[in-house]
Amino acid sequence: MAGAQRPGRPAAHRQQTVTGALYVDLGDNSRPPRARYECVLCRTTEGPVTGVNDVTAFTATVRAVHRARCAVLQEHRS
């Protein structure tokens, strides 16, 4: 059957491009957790933040927050 999907094989997928990297260090007994986000497009860094609560909030929102203010993404949006 031409064009039929085979079980266990994903359908054809779009090429994906990395636009940012989220780095999280979970810490240990001697240091608290910390996180930072680096945008590959505009070459800026968000963070770093430290502490359990700050890292939790940061990792949940940083991608959306940065996308809203990234100069490179704003240029392509117009």
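Our structure is the block above this text.
Quick caveat, the model's predicted, so the values are computed rather than measured.

Details of the sheet that holds strand β1 (residues 20-25)
In spatial order, the strands read β1-β2-β3; together these 3 strands make up an open sheet with antiparallel pairing. Only two strands of the sheet have a single neighbouring strand rather than two, namely β1 and β3 (45-50). Adjacent strand axes in the sheet meet at a mean angle of 5°, parallel and antiparallel pairs treated alike. Note: β1 against strand β2 (residues 34-39), 6 bridges, orientation antiparallel. Looking across to β2, one finds that alanine 21 is bridged to glutamate 38. Where helix α1 (residues 52-69) meets the sheet, it contacts β1, β2 and β3, and its direction lies at approximately 170° from that of β3.

Examining unusual backbone geometry
Peptide bonds are, in most cases, trans, and in most cases residues other than glycine have a negative phi. The omega torsion of the bond from glycine 47 to proline 48 falls at 10°, within 30 degrees of zero and hence cis. Relative to the elements of secondary structure, proline 48 occurs in strand β3. A positive phi is found at arginine 43, a non-glycine position, where the angle reads about 65°. Here arginine 43 lies in the loop between β2 and β3. Among the residues examined, arginine 43 registers a relative accessible area of 68% and is labelled exposed.

Points about the packing of aromatic side chains
Scanning all chains against the criterion turns up 0 aromatic pairs. Sitting over the ring of tyrosine 23, arginine 36 keeps its end group 4.2 Å from the ring centre.

Quick notes on the pattern of salt bridges
Under the counting rule described, the total for this entry stands at 5 salt bridges. The closest approach of N and O atoms between aspartate 25 and arginine 34, which form a salt bridge, is 3.1 Å. Note on arginine 34: relative accessible area 42%, which makes it partly exposed.

Reading guide: rules and limits
Residues numbered from 1 in each chain as written. Predicted model: local features only at pLDDT ≥ 70, side-chain atom pairs only at ≥ 80, totals over all residues. Heavy atoms only, no water. Pairing = 2+ DSSP bridges. Helix = DSSP H or I, 4+ residues; strand = E, 2+ residues; numbered from the N terminus. Axes fitted to C-alpha atoms, helices over the stretch in contact; angles between N-to-C directions. Contact = heavy atoms within 4.5 Å. Buried < 20%, exposed > 50% of the residue type's maximum accessible area, 1.4 Å probe, protein only. Phe/Tyr/Trp six-rings, centres within 6.5 Å; stacked < 30°, edge-to-face > 60°. Lys NZ or Arg CZ within 6 Å of the ring centre and 35° of its normal. Salt bridge = Lys/Arg side-chain N within 4 Å of Asp/Glu carboxyl O.

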